[in-house]
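Breakdown of the fold
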Amino acid sequence: MVKKKMYPVWRKIKNKVISLFFVALAVLSLVALVSIVGNVFHLTVSPLHISSCSQNCGWISIWPGIRALWWTLRLLFIASVIALPFAFGTALFITEYRVTYLVFIVRLFVDILAGIPGILIAIVMYGFQFIVGQSSSNELFISSLIIFLLPKLAKGFAEIFYGVPLHYREVAFAIGSTRMQMVFKVLLPMTFRTLSASVLLGVARTLGVVAPLLLFDSGIHYLPVDIYHLTVNGEFIKAAMYSLFLLFTILLIYLFAAWLDQEIIK
Amino acid sequence: MGKALSAIELSASFGNHQVLHCVSLHMQPNYVTAIIGPPGSGKSTFIRCLNRLHETVPRATMTGRVMLGDQDVYQMDAISARQKIGMVFAQPNPFPTMSIFDNVAIGLRLRDGKRQIHLSDEVERSLTIANLWSEVKDRLQESSGKLTVGQQQRLCMARALALQPAVLLLDEPASVLDPFSTLRVEELIDQLKERYTIVIVTHNLQQAARVADRTAFFLAGEMIEQGTTTDLFTTPCDKRTEDYVTGRFG
């Protein structure tokens, strides 16, 4: 007969307290999220509803938001297209060439840059503006996005490559593939969906960046920056509408990333 | 036809840690040579040196020579050496994102690129040799993950055989298989030795006795003894071999 293991009472109490603590934290986060989303909805939807019904100007109100979203996505697309190959190359360098000191240094740099607050990156770029003296604010704005995105993508990619068991690489070598063939014919097809999900999550994170980009008053419409300016100028309803677009876009990106994840699990 | 493979004064290290000490072993053509020994005795490292896979490991070094027929494997291009000396690993590891067909064809595609014309024929030939064709011929485009573990291991053998190697290295090929699948793999090894020189690493002494014509006993990175399987198991020359095959240690 199997004897049931008895835990001391204090241990049970401790477990309960810890569980309650985490449940409380989860509830708090949920309340915060619901309050933000609810507030945005409340501020946005009701005036739009009134204006579209009585003055038929709903589309006029929405249009600047859509335009700002379009600009934001365009900027993010440009930043991603430039950052992606560098991030991919860096991740391959630190995962597939593991021994040299250079690899160690690059890995350390990527780790530090991935964790560094965005404002510090922007300050560096701001200082760079004074040194070079020729770059426009727009270029610096996009460069900041790239530098913000690049280490996060590189670290994400590297983690994904680390996740591929070594024996698949060995098999590829054993059937006579070169390192390049191993990467492009074996490693990439195996990780493509995960890499895509990682790009989406990186983009979603960059979409929320505000503070570092405030340094560059470039006149570019970037949704989070616009929201900040609108709020400071007291245009709360417009800011709320922009926030709704931002929330909706992030939600879509996360849903797509989650769908990709599910496909990977399948 | 298989070719003779010879290791001459082979030593191998990982960083400062030497795991193989001056091992010389001749593996005759169309024979099955078993490498036996307790864990950590350098068996796997030895066969990984034979097809130059050892050098893909960071900080791994080796000295000595490996001869395939009259060619020095370490004077050849590493890629072509690995294509001539195929290898199957302990864990069945077909590429999960590829179909059964693609898993067998991948080696040929990597070697020949788009020049490969008779790919389907080659895949069928390899699967037939690996005794898998009748089981998968109607589902070649299915994912390899849908096969049983035993079938996956035979698929890995077919993948290695597709490149028509002269030598086939098997690193504990049945260690994760059930007894029935193990039997199928052993039968396959018996058939394959007519075409290939086979080197099998195993910790299963009964398996070595069943499949191997010749056996070498490794201990702590040294080759203690080698000979015909019957002689090594019944009348070993070295006390350590006798202790190992009689189960006193390991």
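Numbering of residues begins from 1 in every chain and follows the order in which that chain's sequence is written. Labels follow written order: the first chain is A, the first ligand is 1, and so on. Only residues with pLDDT of 70 or above have their local features reported here, since the model is predicted, and side-chain atom pairs are shown and tallied only from 80 upward, although totals for entire chains, interfaces and linings are computed over all residues. Side-chain metrics rest on all non-hydrogen atoms present in the structure, leaving aside hydrogens and water.

1. Comments concerning the overall build of chain B
The cut-off we apply is this: By the criteria applied, helices consist of DSSP H or I runs no shorter than four residues and strands consist of E runs no shorter than two, each listed in order from the N terminus. Atoms counted for the radius of gyration: C-alpha only. Globule rule: 2.2 Å times residue count to the power 0.38. The buried label goes to any residue with under 20% of its type's maximum accessible area, the exposed label to any with over 50%, and the partly exposed label to all in between, with areas taken from a 1.4 Å probe on protein chains only.
Within chain B, the secondary structure is distributed over 10 helices and 10 strands. Scaling as 2.2 N^0.38, a compact globule of 250 residues should have a C-alpha radius of gyration of about 18 Å, and chain B matches this with 18 Å. Taking the principal axes of the C-alpha coordinates as reference, chain B spans close to 55 × 40 × 30 Å. Taking all 250 residues of chain B together, 58% fall into the buried category.

2. Topic: the packing of aromatic side chains
Two aromatic rings, taken as a pair, are described by how far apart their centres are and by the angle between their planes. For clarity, the cut-off: The aromatic pairing rule takes the rings of Phe, Tyr and Trp, using the six-membered ring of Trp, and pairs them if the centres are within 6.5 Å, calling planes under 30 degrees apart stacked, those over 60 edge-to-face and the rest tilted. Charge-over-ring contacts are defined here by two conditions on Lys NZ or Arg CZ: a distance within 6 Å of the ring centre and an angle within 35 degrees of the ring normal.
Counted according to the given criterion, the structure contains seven aromatic pairs over all chains. Aromatic side chains tyrosine 168 of chain A and phenylalanine 95 of chain B sit 6.2 Å apart centroid to centroid with 40° between the ring planes, which places their arrangement in the tilted category. Separated into two different chains, tyrosine 168 of chain A in helix α6 (residues 166-174) and phenylalanine 95 of chain B in the loop between β6 (85-88) and α3 (100-112) make up a pair that spans both. Here tyrosine 168 of chain A matches phenylalanine 95 of chain B in class, with each residue buried. Site record: aromatic cluster; members linked through ring pairs are Phe88, Phe161 and Phe184 of chain A. For the cation-ring pair, lysine 152 of chain A lies above phenylalanine 148 of chain A, with the distance from its terminal atom to the ring centre recorded as 4.0 Å. The side chain of arginine 159 of chain B reaches across the aromatic face of phenylalanine 95 of chain B, ending 4.9 Å from its centre.

3. Digging into the sheet that holds strand β10 (residues 222-228) of chain B
Residue and element names in this part refer to chain B. Applicable threshold: For two strands to pair, DSSP has to find at least two bridges joining them. To get an axis, a line is fitted to the C-alpha atoms, and for a helix only the part in contact is used. The angle between two axes follows their N-to-C directions and goes from 0 to 180 degrees. Any two residues whose heavy atoms approach within 4.5 Å at even a single point are treated as in contact.
Pairing is mixed in the open sheet, where six strands are placed in the order β6-β7-β8-β3-β9-β10. Among the strands making up the open sheet, the edge pair consists of β6 and β10. On average, each strand axis in the sheet is tilted by 20° relative to the strand beside it, whichever way the strands run. With six bridges connecting them, strand β9 (residues 214-219) and β10 associate as antiparallel partners. Residue pairing in the sheet places leucine 219 in a bridge with glutamate 222 of β10. Across the sheet, helix α6 (residues 149-161) touches β6 and β7 (167-171), and the angle it forms with β6 is around 170°. On top of the sheet, helix α7 (residues 179-192) reaches β3 (32-36), β7 and β8 (197-201); it is set at about 150° to β8, its chief contact.

4. Re α3 of chain B
Stated formally: Expected helix span is taken as 1.5 Å per residue step, with the number of steps being one fewer than the number of residues. One fitted axis covers the seven residues ending at a residue, a second covers the seven starting there, and the bend at that residue is the angle between these axes.
Between its first and last C-alpha, α3 of chain B extends 19 Å over 13 residues, near the 18 Å set by a 1.5 Å rise per residue. Along α3 of chain B, the sharpest kink reaches roughly 45°, centred on isoleucine 106 of chain B. Burial analysis of α3 of chain B places 10 of its 13 residues in the buried class, which makes it a mostly covered element. Three or more residues of α3 of chain B are buried, namely Ile100, Phe101, Asn103, Val104, Ala105, Ile106, Gly107, Leu108, Leu110 and Asp112 of chain B. Along its buried surface, α3 of chain B packs onto α7 (179-207) of chain A together with α4 (119-129), α5 (133-136) and α6 of chain B. Immediately beyond the C-terminal end of α3 of chain B, within one or two residues, lies glycine 113 of chain B, with a positive phi of roughly 65°.

5. Quick word on unusual backbone geometry
All names here are of chain B. Positioned with a positive phi, arginine 59 is a non-glycine residue whose angle comes to about 65°. Its location among the elements puts arginine 59 in the loop between α1 (43-50) and β4 (60-68). Residue classification places arginine 59 among the exposed residues on the basis of a relative accessible area of 60%.

6. Concerning the confidence of the model for chain A
Detailed conclusions should not be drawn from predicted coordinates in areas where pLDDT is low. Residue and element names in this part refer to chain A. Here is the rule: Scored from 0 to 100, pLDDT reflects the predictor's confidence in each residue.
Looking at chain A as a whole, the pLDDT averages 81, with 85% of positions reaching at least 70. By mean pLDDT, helix α4 (residues 118-132) is the weakest element of chain A at 76, and α6 is the strongest at 91. Counting interchain partners and residues more than four positions distant, the pLDDT-below-50 stretch residues 50-60 has eight contacts.

7. Observations regarding the side chain of glutamine 153 of chain B
Residues and elements named next belong to chain B. Note the threshold: N or O atoms closer than or at 3.5 Å make up a polar contact, with two conditions inside protein: a donor-capable atom paired with an acceptor-capable one, and, for residues adjacent in sequence, both atoms drawn from side chains.
Inspection of the secondary structure assignment puts glutamine 153 in helix α6. Here glutamine 153 falls in the buried class, since its relative accessible area comes to 0%. Here alanine 90 takes part through its backbone oxygen, which lies 3.3 Å from a polar atom of the side chain of glutamine 153. If sequence neighbours within four positions are ignored, glutamine 153 has contacts with Val88, Phe89, Ala90, Gln91, Pro92, Pro173 and Leu177.

8. Here's the deal with the sheet that holds strand β1 (residues 5-14) of chain B
All names here are of chain B. Spatial ordering of the open sheet is given by β2-β1-β4-β5, a layout of four strands whose pairing is antiparallel. The two strands at the open ends of the sheet, each matched to only one other strand, are β2 (17-27) and β5 (71-72). For β1 and β2, the ladder comprises seven bridges, and the chain directions are antiparallel. Bridged to serine 13 within β2 is glutamine 18. Sitting on the sheet, α1 touches β1, β2 and β4, and the angle it makes with β1 is about 120°.

9. Structural notes on the nonpolar core
Going by this rule: Nonpolar cores are built from buried Ala, Val, Leu, Ile, Met, Phe, Trp, Tyr and Cys residues. Side-chain atoms within 4.5 Å join them into one set.
Judged by nonpolar contacts, the single largest core of 151 residues is most densely connected at Phe46, Leu50 and Phe95 of chain B. Residues in contact with phenylalanine 95 of chain B, not counting those within four places in the same chain, are Tyr168, Val171, Ala172, Ile175, Val186 and Met190 of chain A together with Asn103, Ile106, Ser144 and Arg159 of chain B.

10. Overview of the domain arrangement of chain A
All names here are of chain A. So the rule is basically this: Domain limits in this description derive from either an automatic procedure or a database domain assignment. Buried area, as used here, totals the accessible surface that two parts lose on assembly, with accessibility defined by a 1.4 Å probe and the loss added over both. A side-chain nitrogen of Lys or Arg and a carboxyl oxygen of Asp or Glu constitute a salt bridge if their distance falls within 4 Å. Only Asp, Glu, Lys and Arg are considered charged in this grouping, and only Ala, Val, Leu, Ile, Met, Phe, Trp, Tyr, Cys and Pro are considered nonpolar; every other residue, Gly among them, is considered polar.
When its domains are assigned, chain A resolves into domain 1 (1-45) and domain 2 (62-260). Each of domain 1 and domain 2 has a C-alpha centre, and these two points are 32 Å apart. A buried area of about 540 Å², summed over both sides, lies between domain 1 and domain 2, and 90% of it is on carbon and sulfur atoms. There are zero salt bridges connecting domain 1 and domain 2. Viewed at the interface, domain 2 and domain 1 are joined by zero residue pairs in polar contact (both at pLDDT 80 or more). The class makeup of the residues in the side of domain 1 that touches domain 2 is four nonpolar, one polar and no charged.

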